[in-house]
Each structure stands twice: as structure tokens, then as C-alpha cells.
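Each chain, letter by letter, is given below.
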Amino acid sequence: MEGAAAKDDVDGRREYSIIVPTYNERLNVALIVYLIFKHLPDVNFEIIIVDDGSPDGTQDIVKQLQQVYGENRVLLRARPRKLGLGTAYMHGLKHASGDFVVIMDADLSHHPKYLPSFIRKQKETGADVVTSTRYVQNGGVHGWNLMRKLTSRGANVLAQTLLQPGASDLTGSFRLYKRDVLEDLISSCVSKGYVFQMEMIVRATRKGYHIEEVPITFVDRVFGTSKLGGSEIVEYLKGLVYLLLTT
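Remember, it's a predicted structure, so these values are computed and weren't measured experimentally.

Undergrad: Can you help me understand the packing of helix H2 (residues 29-39) against helix H3 (residues 58-69) in this one?
TA: A pair of packed helices is captured by two measures, namely the crossing angle of their axes and the spacing between those axes. Contact geometry of H2 with H3 gives a least axis separation of 9 Å together with a crossing angle of 30 degrees. Here H2 is positioned roughly parallel relative to H3, judged by the angle of their axes. Pair H2 / H3 crosses with right-handed handedness. In this structure, H2 uses Val29, Ala30, Val33, Tyr34 and Phe37 to contact H3, whose residues at the interface are Thr58, Ile61, Val62, Leu65 and Tyr69. Residue composition of the contact of H2 with H3, by class: 9 nonpolar, 1 polar and no charged.

Undergrad: Honestly, the nonpolar core in this entry has me stumped. Any pointers?
TA: Side chains of nonpolar character tend, in soluble globular proteins, to be buried together. By size, the foremost hydrophobic cluster in this structure holds 33 residues, and its most contacted members are Ile18, Ile36 and Phe45. Secondary structure elements with two or more residues in this core: strand E1 (16-22), H2, strand E2 (45-51), H3, strand E3 (74-76), strand E4 (100-103) and helix H5 (115-125). The leading source of residues in this core is H2, at 6 residues.

Undergrad: Honestly, the packing of aromatic side chains in this entry has me stumped. Any pointers?
TA: Aromatic ring pairs are reported here in terms of the distance separating the ring centres and the angle at which the planes meet. Under the counting rule described, the total for this entry stands at 5 aromatic pairs. Among the aromatic side chains, those forming a connected cluster through ring pairs are Phe37, Phe45 and Tyr69. Its guanidinium or amino end placed over the ring of Tyr23, Lys82 lies 4.6 Å from that ring's centre, counting from NZ or CZ. Its end group placed over the ring of Phe218, Arg134 keeps NZ or CZ at 5.4 Å from the ring centre.

Undergrad: What exactly am I supposed to notice about the sheet that holds strand E7 (residues 175-178) here?
TA: Strand-to-strand pairing in sheets goes through backbone hydrogen bonds, with the strands running parallel or antiparallel. Strand order in the open sheet formed by 7 strands is E3-E2-E1-E4-E7-E5-E8, with mixed pairing between adjacent strands. Across the chains shown, the open sheet's two edge strands, defined by having one partner strand only, are E3 and strand E8 (211-215). Strand-to-strand twist of the sheet, defined as the mean angle between neighbouring strand axes without regard to direction, takes the value 20 degrees. Where E2 meets E3, 3 bridges bridge the pair, whose relative direction is parallel. In the strand pairing of E3, Ile48 is matched with Leu75. Relative to E2, H2 is tilted by about 165 degrees, and along the sheet it contacts E1, E2 and E3. Of the strands in this sheet, E4, strand E5 (129-133) and E7 are in contact with helix H7 (residues 179-188), which crosses E7 at around 100 degrees.

About the cut-offs
Residues numbered from 1 in each chain as written. Predicted model: local features only at pLDDT ≥ 70, side-chain atom pairs only at ≥ 80, totals over all residues. Heavy atoms only, no water. Axes fitted to C-alpha atoms, helices over the stretch in contact; angles between N-to-C directions. Helix = DSSP H or I, 4+ residues; strand = E, 2+ residues; numbered from the N terminus. Parallel < 35°, antiparallel > 145°, perpendicular 65-115°, else oblique. Left-handed = near helix turned anticlockwise from the far one by under 90°. Contact = heavy atoms within 4.5 Å. Nonpolar A, V, L, I, M, F, W, Y, C, P; charged D, E, K, R; others polar. Core = buried A, V, L, I, M, F, W, Y, C linked by side-chain atoms within 4.5 Å. Buried < 20%, exposed > 50% of the residue type's maximum accessible area, 1.4 Å probe, protein only. Phe/Tyr/Trp six-rings, centres within 6.5 Å; stacked < 30°, edge-to-face > 60°. Lys NZ or Arg CZ within 6 Å of the ring centre and 35° of its normal. Pairing = 2+ DSSP bridges.

Put into C-alpha cells, the structure is as follows:
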């Protein structure tokens, strides 16, 4: 930790930038930040909260967290309204100082306890992308009803069959990227919302990037309401067809 601290004192850079998009996550954001610090005690990182104008006071909570952890460790980079997941990552990336970028949700479905596994896997393999998966041994889902499990599994099987993406879980948004790889992939993607994550992995495969996977147990959100609905499923199917025709 001393080396990491010394590096930060010299040039203000972090090794890892963790981008967390938020919208109405007042009940979750403090806990996710606490858990990130808890599980990465010896890692030189920053957390970049990209809040899309949450009306529930999420930004007020983040400002309180800055007083606890420091504005150089918890960065609030707000936007005026909801502008899409892909652009949220682009916005966070503009303010990131890390050589590696982690993207994860704020709703506690992505537990920070897995972050050391992502970092370790990348160091061991030199991977360009380390992505989470629910669909291999030691992975899974907790808190979903049978219909949602079947829908998610079916969506992934369909994508695997049609796109041959080189990863077992296309719709997860818990990933670690080399910074330049993330920049390249984001600039190549055209999808928004739910389809964005799938397109990122498909394009990474098409471009020949090295992808590794880490099994996680995805936990359905405890506080707040899910952003996934019928319209997202329709968008997913449309995105699948688009990627089939263009990649």
C-alpha cells in the first residue's frame, strides 16, 4: 500500500478506476462504496460515481461520502438527466486516471468481494477484458423467480448460438477492462441500454481481444426498483439481430 500511496502523491494517478453509474440509488450507494474500500484495502483505486440527475438525493449521499473517504477517492461526475449506459461509461472514462477500468452496478447485484478475483485474473492472464459470468461452475443468480431465470438464460443461449461471442454471459455489466481497450470498444459501439453490454463483448471478440471470465453470484437488488422491463427485452432481440447482421 505504501508504494501505491507514494505513486498517488507524485502524480495523482490511480491504478484502477471503478465507474459506477447511478440513478435513484440513495439507499445503495453508501454501502457499495464502503464494500469497495473494505475488499480492496491494498489497491490504488478511485471510485467515479456517474449520477444521471437522480431526484432521490443520491448526489447528496455521495457528497457526504466524499467527506469520509476524500474527493480524490470518491469522485462525483454528475449529468443532468438519464442519457444511456454507454455514455455514462464514456463520461466516467473522461475523468478516470487508472490504467484499468472496472464497471459495476450500484444496486449491490455486483458484490465488491469479487473485485480481487477480477484483478488477480487479469494479472495472471494479461487479459484485455475480465468479465463476470453467472453461467459457469461457482456462478449463479440469487433472488430471481423462475421466469426471470429462464428469460435470462434463454437470451444468453440465443446469443451464444447466433453470435459465437467467446464469453458465457453477455448481459452482465460487471467487468474489468484495460483502459485503452475500453476506449476502443466504446467508440465502436452503437447500442444503448440493455444491449450495450452484449455489443461490447461481441465487438471485443471480433477485434481479437483476450477475454477471461470470473464466476459470480448475481444478487437481485435489495433496495429500489429494477430498471429491466419488457421494453428492454424487445431492445435485446433487436440488438441481437443488428449484431448478427453487422459483426
